[in-house]
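Examination of the molecular architecture
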Amino acid sequence: MSPLPDLIFEISREGKTAHGLGASRVQSKPAIDPGLLRTAIAGFPQVSEVEIVRHYMALARLNYSLDQGLYPLGSCTMKYNPKINEKLAASEEFQAHPYTPHELVQGNLELMARLEEWLVALTGMAGFTCAPAAGAHGEFTGMLIVRKYLKEKGDPRRVVLIPDSAHGTNPSSAHFAGYEIREIPSNAEGIIDVEGLRPFLKNDVAALMMTNPNTLGIFEKNITAIADALHANGSLLYMDGANLNALLGIVRPGDLGVDVMHINLHKTFATPHGGGGPGSGPVGVAAHLLPYLPVPRVVKDGGKYGVVFAAPHSIGRIKNFYGQFLVMVRALAYLCSLGRENVRQVAEDAVLNANYLRKKLQDVLDLPYPTATLHEVVFSDKNLPVKTLDIAKRLLDYGFHPFTIYFPLIVHGAMMIEPTETESKETLDEFIAVMKKILLEAREQPDLLLQAPRQTPVRRLDETLAARQPVLKWHKGENR
Amino acid sequence: MELEKLLFTKEHEWVRLEGDSAMVGITDYAQHELGDVVYVELPGLGKELKKGDPSANIESVKAVSDVFAPLSGTIIEVNPKLAANPELVNQEPYSEGSLFKMKIKQPDEVKELLDHKKYEEYLRGIAGE
Amino acid sequence: MRYLPLTDTAREEIKKAIGIDDSKELFKSIPADKSYFDLAAIPSALSEPELIAEFKAMGRKNLFPGYLSFLGSGAYAHFIPEVVAYLSAKGEFLTPYTPYQPEVSQGNLQAIFEYQTMMTMLTGLDVANASLYDGATAVAEAVLLAVRKSGRQRILLADSLHPEYSAVVRTYTQNLPIELVTVNVNEADGRINLNDLQAKLNDQTAALVFQSPNFLGVVEDSAVLAQAVHPQHAYAVQAVAEAMSLAYLRPAADFAVDVVAGEAQSFGLSLGFGGPYLGFMTAREEFLRQMPGRIVGQTKDLDGKRGYVLTLSTREQHIKREKATSNICSNEAWCALRAGMYLATMGKDGLALAAGDSHLHAAYFVSKAAKSRQVRIVYQKNFYNEVLLEIKKGTAEAFLTALKKNKILAGVPLNWFYPTVSNRVLLAFSEVHSREDIDRLLQAMGEYS
């Protein structure tokens, strides 16, 4: 008996309907060559409305979600998603067609402009675009800006430097912007220093992509010296702002010599992750890069908002329409709710919580980099009788979502933990107690971990089978 | 399989000389390190490779590894069984799970390969690190 | 602050536990002269009632509600069943992360597996991915896919591809050694000019990228296009901006199209001023290992029970880094889940009805407007749900302004995209329009002078 509901195709029965459309009263005939028209879609679901509801409710119950509990994925900033923001984003008055004449959507344009103003104020960058659809899309946009700027200065250069602790999107984004990647090693403290950077800093270097705080949770304290070294070399500093939460109201990347950065509205700005998207990855630039921002740009002219669709130096259009507008609605609502009074508290609490976990777990787990950390902490499975994966799976049995595992790559069996500021101390204490219990089990009854999870709807899944014999859709009668 | 008759690279490929051709695969050590192989991308027939060029590509669930050409030459045969049964690389790395055969272009390069004893020593060196 | 559960007492306890007196000590690694910057420029917090009022006030500045809209061109108004809105808003679907722990993510994984299945049913192609950002980026990814798979660098782009899609393709490829060549469109029937296609096609061509229904509203004869490019071993890549058409038109696979990529906003996503929407990609099996983005696959758990995982992830950036098929990480998972809900709810019959009415409403408009003295229907047949109008007197802007006075948004002027075309307007129809709506449009058009 499978704990999963049957596939929607398997519960389908001829003659059932869930839609409520009425017959059209418009009389007309098709105006398309008959050879171009399709017949009924074989196998397409035919289910009643109540069965639709029950099917998806059954699926909903199989998901762990942030609404249910702690979700301490490192560098993912799984903070609580405020409910009022959902309601505001669903408001009818924001659901304009993207090609609505601008005088009829002044509210939407104002909303985008206000969000950009907020992001400028919080980061100290000269301007923002909210067009990119997600973090990686923002990275790509940022690297296109870097390249266009350098190209117009005479030489786009060839190489982008990326620390070994970086997220995989960094090298991939730079690659699609036409760059070769050179990986630079982190030092013993887990950060980049100018001396370590120097040998890589040749005259073909376009930029360094630095995540700050980095994926070890450590603030790259040499950032201003690194920015100076890059600038002296004619190179730019890109900051991956995935971990901006730790800096909110504390420091502005624009004050640290950053030329271009992206942020993630779905991390720092509390918009829901939706099971992997949609995100939104606004890109901020220093003044010299403003002309290169993608189009369209919202502008204020007198009392009215308008849109600029073409600009001579712009990298061009990165996405259809204006970007992930309804994600922007949520992010602005979040910022308006926080306000001046709370932005700094967000960062402080996020860092307090992470350091509390670090302090409480460092006696039982190996801490590969003892450097002070901000919003997250990375432990290793060194000296443990089990692997990181086993601990993660056992956490599922205790009703907690695990941390990020096996990333960053420079830590053996990495456990990357980011509690965020929206977890209470009580929740953290519970998590700490469970972790300690699991580590005790690891020594005394390792089978409990190796066989975990047992309490979840399904047990460990065979990923090898999935990849060796891909079954990527339902085939009538073949998916049992 | 008589491992003593094979030659090896430090990138954990093995080579079996057959006249002016060489059969190539990955070693047992390599397949262990990779884990369950789920897909093998083989070079096209007739492809010319220089020693050290990426030739095949082996994927496990969470890793991808390039196989570097152990010698310079032309691909004259690829293992047809791997498309449907990539697990052969794990199960029989030295026989059924071989990757391809190449016609050797620069016989001198053969001398640069390790014999079984030297490869074993090399492996012990890695383990001792 | 209600989103911050730490009490002052808890903060003190934590500080004590970690051995600091002041929170500022946490940030010692940040240059002191740069940290704790002045927050004066940041607005003051709003209470929840104030927030609602503030957003209502912004919403009131949007004057579009109350207008009868025939805007389309890549974003389409379709009816969204309430169950779709209700179910998709559940926190269990909205607030998880990417399903990296499949044991506690089976709901999302199965839902995406169902979505993938339905997308392959609609296009007839073998495999679908779990989503891309939007139609424009999906087409850009399809271009990169064709280049990777073929090892060739020349891409033919139909001039009737959505101009924003072409623009995004240009942005994406601006630093890559890819050659983009535009293929002309026949003025007579709005379809790709086959002579021009043959002239530009060569043995270095990776793919022809064409949109159908195209940006001018016309359904292409995909079979002819695929037949034209396949002898040169180039791929036929179809872009789709109006996914609803997939439920009305013969599946791309029947015409030997290799890849279909585009925008599926029509499947239950609100207009939302342009996003978030849903990029999709479907392809023949041979493209699978080169596809961008996440893919959900079926497998078994330790007890042999059916379950789902993200699979073939060696294609992706977290493993292959700069060698990945795409840099995409976060995608549009929730939008795909919601599209799956929409498709399941509409079902075989409902989807056929919505897709059919979208065409028939356009056809009704065309049959009535054909006699108009004010406008000419540029393409009287083989349109799907979009109709290109030529204004006989004056400019498109003048026409649209006149109809706007009647509270009608009578389409998108083509001069936004083709500056030399001053008198053409593109209108979109769907099942949401009633006969009265269309008659009202016709009447207002008749009064235009």
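Residues numbered from 1 in each chain as written. Chains lettered and ligands numbered in written order. Predicted model: local features only at pLDDT ≥ 70, side-chain atom pairs only at ≥ 80, totals over all residues.

Looking only at helices and strands, chain B features 3 helices and 10 strands. Ordering the α and β elements of chain B from the N terminus gives β-β-β-α-β-β-β-β-β-α-β-β-α. Its C-alpha atoms give chain B a radius of gyration of 14 Å, within 12% of the compact-globule value 14 Å for 129 residues. In terms of principal-axis extent, the alpha carbons of chain B reach across some 35 × 35 × 25 Å. The buried share of chain B, taken over its 129 residues, is 37%. Here the analysis covers contacts within chain B between residues at least 6 apart in sequence; of these, 62% occur between residues at least 24 apart. (Helix = DSSP H or I, 4+ residues; strand = E, 2+ residues; numbered from the N terminus. Rg over C-alpha atoms; globule rule 2.2 N^0.38 Å. Buried ≥ 20, exposed ≤ 12 C-beta atoms within 10 Å, placed from the backbone. Contact = placed C-beta atoms within 7 Å.)

Scanning chain A from N- to C-terminus turns up 12 helices and 12 strands. Taken over the C-alpha trace, chain A has a radius of gyration of 25 Å; the compact-globule value for 480 residues is 23 Å, and the two agree within 12%. Once the C-alpha set of chain A is aligned to its principal axes, its extents read approximately 70 × 70 × 45 Å. The buried share of chain A, taken over its 480 residues, is 59%. In chain A, once contacts between residues fewer than 6 apart in sequence are set aside, the share between residues at least 24 apart is 73%.

Residue and element names in this part refer to chain B. The sheet built from 7 strands is open, its strands ordered β5-β8-β9-β3-β2-β1-β10 with antiparallel pairing. Strands at the two margins of the open sheet, each flanked by one partner only, are β5 (48–49) and β10 (114–115). When strand β3 (residues 21–26) meets strand β9 (residues 100–104), the two strands line up antiparallel, connected through 4 bridges. Bridging across to β9, Val24 finds its partner in Phe100. (Pairing = 2+ DSSP bridges.)

What follows concerns the nonpolar core. Most often, soluble globular proteins keep nonpolar side chains buried together rather than apart. Counting 353 residues, the largest nonpolar core has Tyr238 of chain A together with Val209 of chain C as the members making the most contacts within it. Top element by residues in this core is helix α11 (residues 333–369) of chain C. It accounts for 22 residues. (Core = buried A, V, L, I, M, F, W, Y, C linked by C-beta atoms within 7 Å.)

To continue, consider helix α9 (residues 222–229) of chain C. All names here are of chain C. Among the residues of α9, those classed as buried are Ser222, Leu225, Ala226 and Val229. All buried residues of α9 lie within an arc of 95° about the axis, which places them on one face of the element. Residues of α9 that are buried make contact with β5 (205–211) and β6 (235–240). (Arc of directions from axis to C-beta.)

Turning next to the pairing of strand β4 (residues 179–183) of chain C. All names here are of chain C. As judged from the 5 bridges shared by strand β3 (residues 154–158) and β4, these two strands associate in the parallel manner. Paired with Arg154 across the two strands is Glu179, which belongs to β4. Traced from β3 through helix α7 (residues 163–173) to β4, the parallel crossover comes out right-handed. (Right-handed = clockwise from strand over helix to strand, strands pointing away.)

The next subject is the interface of chain A and chain C. Counting residues at the interface gives 166 residues for chain A and 165 residues for chain C. If you list the elements that add at least two residues to the side of chain A that touches chain C, you get α1 (49–61), α2 (83–89), α3 (106–123), α4 (135–152), α5 (169–176), α8 (325–361) and α12 (463–468) of chain A. With 21 residues, the single largest contributor to the side of chain A that touches chain C is α8 of chain A. The class makeup of the residues in the side of chain A that touches chain C is 84 nonpolar, 50 polar and 32 charged. (Nonpolar A, V, L, I, M, F, W, Y, C, P; charged D, E, K, R; others polar.)

So, on to helix α2 (residues 48–60) of chain C. Counted at 1.5 Å a residue, the expected span for α2 of chain C with its 13 residues is 18 Å, and the 18 Å between its end C-alpha atoms agrees. Among the residues of α2 of chain C, Leu51, Phe55 and Met58 of chain C are the ones counted as buried. Along the long axis of α2 of chain C, the arc covered by the buried residues comes to 55°, so they all point the same way. Facing away from the buried side of α2 of chain C by more than 90 degrees, the exposed set consists of Pro49, Ala53, Ala57 and Arg60 of chain C. Buried residues along α2 of chain C sit against α2, α3 and α8 of chain A. (Expected span 1.5 Å × (residues − 1).)

Glancing now at the environment of Gly44 of chain B. All names here are of chain B. Tracing the sequence through the fold places Gly44 in the loop between β4 (37–41) and β5. Given 7 C-beta atoms within a 10 Å radius, Gly44 is considered exposed. Linking Gly44 and Glu11, residues 33 residues apart in sequence, is a C-alpha distance of 21 Å.

On to the domain arrangement of chain A. All names here are of chain A. For chain A, the assigned domains are domain 1 (84–336) and domain 2 (343–464). Centre-to-centre, using C-alpha coordinates, domain 1 lies 30 Å away from domain 2. Contact residues are listed per partner, giving 19 residues for domain 1 and 19 residues for domain 2. Broken down by class, the residue content of the side of domain 1 that touches domain 2 amounts to 9 nonpolar, 8 polar and 2 charged. (Domains from an automatic or database assignment.)

All names here are of chain A. Pairing in this open sheet of 3 strands is antiparallel, and the strands run β10-β12-β11 from one edge to the other. Either end of the sheet is taken by a strand with one partner, and the two such strands are β10 (377–379) and β11 (404–405). Relative to strand β12 (residues 415–417), β10 runs antiparallel, the two sharing 3 bridges. From the neighbouring strand, Val377 faces β12, where its bridge partner is Ile417.

Attention now moves to the confidence of the model for chain B. When pLDDT is averaged along chain B, the result is 92; 98% of the residues meet or exceed 70. In the predicted assembly, ipTM is 0.98 and pTM is 0.96. (pLDDT = per-residue confidence, 0-100.)

Tallying the contact residues gives 4 residues for chain A and 6 residues for chain B. Split by residue class, the side of chain A that touches chain B holds 1 nonpolar, 1 polar and 2 charged.

Our next topic: the environment of His97 of chain A. As for its placement among the helices and strands, His97 of chain A is situated in the loop between α2 and α3. Considered as a pair, His97 of chain A and Pro370 of chain A are 273 residues apart in the sequence and their alpha carbons are 52 Å apart. Excluding its chain neighbours within four sequence positions, the residues that come into contact with His97 of chain A are Ser69, Leu71, Ala75 and Leu271 of chain C.

All names here are of chain C. The contact between α11 and helix α13 (residues 435–446) brings their axes to 10 Å, and the two run at 30°. As far as their axial angle goes, α13 and α11 are roughly parallel. The handedness of the crossing between α11 and α13 comes out as right-handed. Between α11 and α13, the contacting residues are His361, Tyr364, Phe365, Lys368 and Ala369 on the first element and Ile438, Leu442 and Met445 on the second. Across the contact of α11 with α13, the residue classes break down as 6 nonpolar, 1 polar and 1 charged. (Axes fitted to C-alpha atoms, helices over the stretch in contact; angles between N-to-C directions. Parallel < 35°, antiparallel > 145°, perpendicular 65-115°, else oblique. Left-handed = near helix turned anticlockwise from the far one by under 90°.)

Put simply, Asn212 of chain A and Pro213 of chain A share a cis peptide bond, and its omega is -10°. Along the chain, Pro213 of chain A falls in the loop between β4 (205–211) and α7 (223–232). The omega torsion across Phe407 of chain A and Pro408 of chain A is 0°, close enough to zero to call that bond cis. Unlike most non-glycine residues, Ser73 of chain C shows phi in positive territory, near 55°. Relative to the helices and strands, Ser73 of chain C resides in the loop between β1 (68–69) and α3 (82–88). A positive phi angle, close to 45°, is found at Arg321 of chain C, a residue other than glycine. Inspection of the secondary structure puts Arg321 of chain C in the loop between α10 (317–320) and α11. Exposure remark for Arg321 of chain C: the 23 C-beta atoms within 10 Å place this residue in the buried category.

Within the fold, Pro82 of chain A resides in the loop between α1 and α2. Along the chain, Pro82 of chain A and His375 of chain A lie 293 residues apart, while their C-alpha atoms are 20 Å from each other. When neighbours within four sequence positions are excluded, Pro82 of chain A is seen to be in contact with Ala270, Tyr334 and Ser337 of chain A together with Tyr3 of chain C.

All right, on to the pairing of strand β12 (residues 386–391) of chain C then. All names here are of chain C. Counting buried positions along β12 gives 5 out of 6 residues, so the element sits mostly inside the fold. As paired strands, strand β11 (residues 375–377) and β12 are joined by 3 bridges and run antiparallel to one another. Looking across to β12, one finds that Val375 is bridged to Ile391. Where β12 and strand β15 (residues 424–428) come together, 5 bridges link them in antiparallel fashion. The partner of Leu388 across the bridge, within β15, is Leu426.

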